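Summary of the model geometry
Spelled out from the first residue to the last, the chains are:
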Amino acid sequence: MSDVIQQFQETIRSAATRRAPLRIRGSGSKDFYGLHLDGDILDTRAYSGIVEYEATELVFTARAGTPLREVQEALAENGQTLPFEPPHFGPDATFGGCIAAGFSGPRRAYQGSARDFVLGVRMLNSSGEDLRFGGQVMKNVAGYDVSRLMAGSFGTLGLVLEISVKVLPGPEVEQTLQFGMDESAAIEAMNRWAGQPLPLSATCYVDKSLYVRLSGAASAVSAAQKKLGGDAIEGDAFWYSVREQTHPFFADAKSLWRLSLKSTSAPLALGPTLSEWNGSLRWITGAGELERMYASAVSANGHATLFRSGDDVAAIQQLDIGMLTLNKKLKQALDPEGIFGPRRLHALF
Amino acid sequence: MGKPEHFPSETAKPAISKAELVRRLSSVLPEASLLHEEEDLRPFECDGLTAYRKIPLVVALPENERQVQAVLEVCHRGRVPVVFRGAGTGLSGGALPYEHGVLLGLSKLKNILDIDPLARIARVQPGVRNAAISEAASVHGLYYAPDPSSQIACSIGGNVAENSGGVHCLKYGLTVHNIMKVRFITIDGELLEIGGEGFDAPGYDLLALVTGSEGLLGVVTEITVKLLPSPVKAQVVLAAFDDIGKAADAVANIIGAGIVPAGLEMMDKKATGAVEQFIGAGYPLDAEATLLCESDGTEEEVADEISRMTDVLNTAGATEVRISRNEAERLKLWAGRKSAFPAVGRIQPDYFCLDGTIPRKQLSNVLKRIEEMETTFNLQCANVFHAGDGNLHPLVMFDASDDDQLHRAEKYGAAILELCVEVGGTITGEHGVGIEKINQMCVQFQTRELNTFHAIKFVFDEHGLLNPGKAVPTLQRCAEFGAMHVHVGEEKFPDLPRF
Ligand SMILES: Cc1cc2nc3c(=O)[nH]c(=O)nc-3n(C[C@H](O)[C@H](O)[C@H](O)COP(=O)(O)OP(=O)(O)OC[C@H]3O[C@@H](n4cnc5c(N)ncnc54)[C@H](O)[C@@H]3O)c2cc1C
């Protein structure tokens, strides 16, 4: 594998000398996201495989190009999971892409995000130097938290080679419940229940129904089910469809907006909506006007992202001037030649 | 990467005189918020790492965010170094004053601004005590999860700056996992809102970056924390072992059984002995190691989990297994653990509390080697730690009034930290690097990684005015340290003082 790293280093150094953009890519399952996809592809799949995994450590380390599927199978053999329930968005999604995108699935509001579970990374910077941050232990505050910074950076700050994440035992049992209600009532219910000691692991409101998933010890799940009521639904297909956006709600959406808000925010009336995470994540379809989306999100103490779009767009997220300057300076500091995915996340960096 | 001339210096000096600094600060602060007489400065000379003391030029104690901003603007213009201080309970010297700088204390920003029980968030000022948040939220059946043992005293601002943990962090995460947003002021006075009231924010994850940055990137002036529903029930199991190795294996077996306890702590015989003398928690005195293993959740979950834990502990060869029968018993068992540091402080005037974190499977190996080093350095070391996370807290005991003991204690501490790195761990799990572990950063990181840290520092603080000489060593320091440093184990005459 060291020859693969050498190859990567040469590619990066040559790009840096020429100031030519590089597009770090696994299977391309998240190619839909962002503004520009410039440069020669650096395919991470050449660097694949599990590096270290001992179930009793709750720590899992694998190379960036490892198929996410393989990661989850290895964990499942030991009854463990990636607690942030990442979306794949394609059959061949890689582990590196999963962390670089930083997307989290239905369990996020209860267990934490992809970023939360990152413990350490090994990466190449724009000089091709081999760097390690964080580690393979549960707690590590030596130096700035560069590893978590990599989550959600979409390969724009460096090439992540290996990632260590904290993993957890999967639940003993799961049960999904369905309740008919309107959006306001659902937002209220999700938040009220989240404030009670219930074994919640997912909530979603769509098509006049609230779906709630309970996970944990059998005794706790059945006690909670008795308390909450609702109609029991078999299986995990619903949550799969929400996570992978195969649910009919997402079908033929020209544009898909993702609004991350204060969870109790009232319904926004910006278009057809699917809410998750106790109401703090709202997916909105329809060609919502940029400024209006941004402004509505800000007034609900959050922000909006144009998650998928059919057209070329000027921006997918809005940063205020102070944060824009800081983001830009950080990108310049870590990638002075500007070779890693320039302008994928923002027109100005 | 940052160019070499960008590297912060450890010896920054202000561009203005003390008199001028006092004059400028007095125009932005009320009189009672500005201390500059020796006797007023003295109480701020150290934090929880009492072996190191320094007197700052002045102490500024602003009353609100606007004043914090104004102080930073004055310092930025006059190129005056600044060290932030929360409650001063830090154990790595992060809040140790800088003799040519301002010590900026946040103790007067101590209001809980807002609790929103339905959204389960609280907005608080940085000087609020950690425990005060849970106290205020309890009427809503909510609490703030990270619970450092210092929680009755330490500030939430300090917790953010250190990314503090606590006994419940195995299950509920560290500070970084339990905050949503901060208001943050950089040295030039720019006020930023980092994070959001949703679960994520646009752009890079700067909230993760500033959490744990030890006052080197800016000051936190407001924090939005996440609140969790208080568990209906909590119960703790105490298990005694006649061998540290068996106790360490029991820890691995609990995790291996798919249990994530709310807390999983270990104390060795020296620690339990000290605690018993101090508060009498009812710990078994003859045990080589004592585990505290907590379960929380609904009645059903706790009942299930406690019975599974008990099985594992018995199978692992515990000589005694005791389950708390009521809340009073549970709190008493935890009170012992939470007072372990002061208890050890009673036995010996001074101690270094180390904070290395290791892969759990290395527990018994590392504990054995720490014990062996007691003879090498002729000092005692008690161990009390977050076993579930592999986060050790060896307490190296010494008398700081004896220079030789202090010197040996420093070397003992350094040797333990390097051992942690050697077995694949880190020099600090939750207390931060500060001044205490600055040299060991050179062991954990290579030049190229340190360069990345310096480049990040430069983005926030190009003149290197914030907390100079802490947390991230200069390359020059590492070069000097490397030249005189001989790795532990290879050292032929460990008792000979070097330089
Ligand atoms: C008995 C005892 C037990 C402890 N147990 C634990 C434990 O279980 N877990 C744990 O993690 N720690 C523990 N600690 C260490 C300590 O309490 C924590 O590090 C705590 O977070 C420090 O908070 P503080 O307010 O005292 O910060 P201070 O000591 O005042 O400062 C710590 C650092 O934070 C910076 N800082 C402070 N406030 C701000 C701010 N508002 N903005 C920017 N920077 C700031 C300072 O410059 C300094 O670098 C313990 C300490 C003691 C004495």
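Bear in mind that the values here come from a model prediction, so they are computed numbers and not experimental data.

In this section: the sheet that holds strand S10 (residues 219-226) of chain B. Residues and elements named next belong to chain B. Strand order across the open sheet formed by 5 strands is S5-S6-S10-S8-S9, with antiparallel pairing between neighbours. A strand with exactly one partner marks an edge of an open sheet, and here the two such strands are strand S5 (112-116) and strand S9 (191-195). Averaged over neighbouring strand pairs, the angle between their axes works out to 15 degrees when direction is ignored. Across 6 bridges, strand S8 (residues 179-185) lies against S10 in antiparallel orientation. Bridging across to S10, Arg183 finds its partner in Glu222. Strands in contact with helix H3 (residues 65-77) are S8, S9 and S10; relative to S8, the strand with the most contacts, it is inclined by about 50 degrees.

Residue and element names in this part refer to chain A. Of note, Arg19 is a non-glycine position whose phi angle comes to about 50 degrees, a positive value. Its location among the elements puts Arg19 in the loop between helix H1 (2-18) and strand S1 (22-25). With a phi close to 50 degrees, Glu85 is a non-glycine residue in the positive phi region. Following the sequence through the fold, Glu85 ends up in the loop between strand S5 (80-81) and helix H3 (95-101). A residue is classified by how much of its surface remains accessible, and Glu85, at 8% relative accessible area, is buried.

Here we take up the domain arrangement of chain B. By the assigned domains, chain B splits into domain 1 (4-105), domain 2 (112-229), domain 3 (233-341) and domain 4 (349-422). Spacing between the C-alpha centres of domain 2 of chain B and domain 4 of chain B amounts to 30 Å.

With that settled, the discussion passes to the interface of chain B and chain A. Taken together, the 81 residues of chain B in the interface contact 73 residues of chain A. Carbon and sulfur atoms supply 61% of the area buried between chain B and chain A, which totals about 6500 Å² over both sides. There are 8 salt bridges connecting chain B and chain A. Between A:Glu52 and B:Lys361 there is a salt bridge, and its shortest N-O distance comes to 3.3 Å. Summed over the shared surface of chain B and chain A, the result is 28 residue pairs in polar contact (both at pLDDT 80 or more). At the level of secondary structure, the elements contributing two or more residues to the side of chain B that touches chain A comprise helix H6 (169-172), S9, helix H7 (206-210), helix H8 (244-256), helix H10 (299-315), helix H15 (438-444) and helix H16 (447-460) of chain B. The element that contributes the greatest number of residues to the side of chain B that touches chain A is H16(B), accounting for 9 residues.

Further remarks concern the domain arrangement of chain A. Residues and elements named next belong to chain A. Under the domain assignment used here, chain A contains domain 1 (2-169) and domain 2 (172-234). The centre of domain 1, based on its C-alpha atoms, is set 32 Å off from the matching centre of domain 2. For the pair domain 1 and domain 2, the two sides together bury roughly 440 Å², of which 43% comes from carbon and sulfur. Considering only the side of domain 1, the residues that lose the most area to domain 2 are Pro106, Arg107 and Tyr110, jointly responsible for 93% of the buried surface there. Across the domain 1-domain 2 interface, the total number found is 2 salt bridges. Of the charged contacts in the structure, one is a salt bridge between Arg213 and Glu85, with a shortest N-O distance of 2.8 Å. Between domain 1 and domain 2 we count 3 residue pairs in polar contact (both at pLDDT 80 or more) in total. Residues that form the side of domain 1 that touches domain 2 fall into these classes: 2 nonpolar, no polar and 2 charged.

So, how was this worked out
Residues numbered from 1 in each chain as written. Chains lettered and ligands numbered in written order. Predicted model: local features only at pLDDT ≥ 70, side-chain atom pairs only at ≥ 80, totals over all residues. Heavy atoms only, no water. Pairing = 2+ DSSP bridges. Helix = DSSP H or I, 4+ residues; strand = E, 2+ residues; numbered from the N terminus. Axes fitted to C-alpha atoms, helices over the stretch in contact; angles between N-to-C directions. Contact = heavy atoms within 4.5 Å. Buried < 20%, exposed > 50% of the residue type's maximum accessible area, 1.4 Å probe, protein only. Domains from an automatic or database assignment. Buried area = accessible area lost by both parts, 1.4 Å probe. Salt bridge = Lys/Arg side-chain N within 4 Å of Asp/Glu carboxyl O. Polar contact = N/O pair within 3.5 Å; in protein donor to acceptor, adjacent residues only side chain to side chain. Nonpolar A, V, L, I, M, F, W, Y, C, P; charged D, E, K, R; others polar.

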